[in-house]
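Here's the letter readout for the chains.
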Amino acid sequence: MLERVGTSSFSQSLINEYSRIQVRTQKTQAQISSGKIGDQYADAKDKAGVLASAKIKSAGVEAFTSATKEVLARLDLQDVHLRELSDVAARLRAAIGDALSTGHAPSLTENVKNLFNETV
């Protein structure tokens, strides 16, 4: 409950203060609902340096992330190729083992050529 205001200038100063409070409340509510302090650096003068530094760090992190993704793609491709080479080597080993165990190798040369072409 408000006490009685004795002078008109005091009454006017209270009205002005209530208006400023309402404006600050609306601004705060807008900041809370949007999650932003403002749209420009001028809206956060005391934090502009921190915000600029954060943007620079964010750009560095994005560059690192994109480089990491490119490296992962290359590693995946190399992994596929190495697995294929391992499979070819296992088949070559089996073909040589079969030729040695049977004592004759009429088709060994053809198998080696095919595996070589597949590898290339």
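A.B. asks: What is the right way to read the overall build of the chain from this model?
C.D. replies: Across its full length, the chain carries 3 helices and 0 strands. For the chain, the sequential pattern of α-helices and β-strands runs α-α-α. Here the C-alpha atoms of the chain give a radius of gyration of 38 Å, more than 25% beyond the 14 Å that 2.2 N^0.38 yields for 120 residues. Counting only C-alpha atoms, the chain reaches 120 × 30 × 15 Å along its principal axes.

A.B. asks: What is the right way to look at helix α2 (residues 48-102) in this model?
C.D. replies: It helps to recall that an α-helix has 3.6 residues per turn; residues three or four apart then point in one direction. The end-to-end C-alpha distance of α2 is 80 Å, a good match for the 81 Å that 55 residues give at a rise of 1.5 Å each. Listing the buried residues of α2 in full gives V88, A95 and A99. For α2, the elements touching its buried residues are α3 (108-119). Of the residues flanking the end of α2, it is G103, one or two places downstream, whose phi is positive at about 85°.

A.B. asks: Would you take a moment to explain helix α1 (residues 8-34) for this structure?
C.D. replies: Here α1 contains 27 residues, and its C-alpha end-to-end distance of 39 Å stays within 8% of the 39 Å for a straight helix at 1.5 Å per residue. Phi turns positive one or two residues past the end of α1, at G35, with a value near 80°.

What counts, and where the lines are drawn
Residues numbered from 1 in each chain as written. Predicted model: local features only at pLDDT ≥ 70, side-chain atom pairs only at ≥ 80, totals over all residues. Heavy atoms only, no water. Helix = DSSP H or I, 4+ residues; strand = E, 2+ residues; numbered from the N terminus. Rg over C-alpha atoms; globule rule 2.2 N^0.38 Å. Expected span 1.5 Å × (residues − 1). Buried < 20%, exposed > 50% of the residue type's maximum accessible area, 1.4 Å probe, protein only. Contact = heavy atoms within 4.5 Å.

By themselves, these are just geometric observations and shouldn't be taken as functional.
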